[in-house]
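Spelled out from the first residue to the last, the chains are:
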Amino acid sequence: MHELSLIESMLSIIREEREKHGMTRIHRIRVVNGALSGAVSDALSFGWECLTQEGDMQGVALDITDAPLQVVCGSCGWEFTPEDVHCMACPACGEILGHEVMSGKELYIEEIEADIPD
Ligand SMILES: [Zn+2]
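Right, let's walk through the structure included here. These figures come from a predicted structure and were not determined experimentally.

## Topic: the sheet that holds strand 3 (residues 70–72)
Right, so step 1: Spatial ordering of the open sheet is given by 4-3-5, a layout of 3 strands whose pairing is antiparallel. Both outer strands of the open sheet, strand 4 (79–80) and strand 5 (100–103), are each paired with one neighbouring strand and no more.
Right, so step 2: As judged from the 3 bridges shared by strand 3 and strand 5, these two strands associate in the antiparallel manner. Opposite Gln-70, over in strand 5, you have Ser-103 as the bridge partner.

## Overview of the environment of Val-40
Right, so step 1: Its location among the elements puts Val-40 in the loop between strand 1 (25–34) and helix 2 (41–51).
Right, so step 2: Take Val-40: its relative accessible area is 47%, and that puts it in the partly exposed class.
Right, so step 3: Measuring from C-alpha to C-alpha, the distance between Val-40 and Glu-3 comes to 7.4 Å, with 37 residues separating the pair along the chain.
Right, so step 4: With residues near it in sequence (within four places) discarded, Val-40 still touches Glu-3 and Asn-33.

## Things to note about the pattern of salt bridges
Right, so step 1: All chains considered together, the criterion is met by 7 salt bridges.
Right, so step 2: In this structure, Asp-56 engages Arg-15 in a salt bridge whose closest nitrogen and oxygen atoms are separated by 2.7 Å. Note that Asp-56 is positioned in the loop between helix 2 and strand 2 (61–67) and Arg-15 in helix 1 (residues 2–21), a separation of 41 residues in sequence.
Right, so step 3: Residue Arg-15 is classed as partly exposed on the basis of its relative accessible area of 32%.
Right, so step 4: Its salt-bridge partner being Glu-113, residue Arg-30 comes within 2.8 Å of it at the nearest N-O pair. Of this pair, Arg-30 sits in strand 1 while Glu-113 is found in strand 6 (residues 107–115), placing the two residues 83 residues apart along the sequence.
Right, so step 5: For Glu-113, a relative accessible area of 27% gives the class partly exposed.
Right, so step 6: A single salt-bridge network, built from bridges that share partners, covers Arg-28, Arg-30, Asp-63, Glu-111 and Glu-113.

Parameters at a glance
Residues numbered from 1 in each chain as written. Predicted model: local features only at pLDDT ≥ 70, side-chain atom pairs only at ≥ 80, totals over all residues. Heavy atoms only, no water. Pairing = 2+ DSSP bridges. Helix = DSSP H or I, 4+ residues; strand = E, 2+ residues; numbered from the N terminus. Buried < 20%, exposed > 50% of the residue type's maximum accessible area, 1.4 Å probe, protein only. Contact = heavy atoms within 4.5 Å. Salt bridge = Lys/Arg side-chain N within 4 Å of Asp/Glu carboxyl O.

Nothing here speaks to function; it is all geometry.
This is the structure:
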C-alpha cells in the first residue's frame, strides 16, 4: 500500500515544520488529495491511524479534502470538471483529447493546526 509511505513522508515534513516553528502541540493536519493524485483518501486515513497510534503524533487528527479534477479543453479553452476521468469529453465542444490538467494531481499538506508559544 503506497499510501503508508506517503503518510511516512508527510509525517517527516510535519516534524520538520514542528521543529522549524517550535510547535508544542499539534492538533490537526489538513491535507488536499486530488482526484488524480493516485492516493485513495480512505487508505490515507487508515495509514494515518496506523502510524499515529503511538509516538509523538498520537492523537493528531487528519482531515482530507478531496480536490476534484479540473481541466482546460485543448480545443476551445473551456474549463470543466470531467465526470469520468478516463473519457473527458468537453461539455462546450465535445473534444475528448488534448485537455490540460489544471488541478487534481496534487497531494499536499494545506495546514497544520498547532500551538506555537510566543
Ligand atoms: Zn472544448
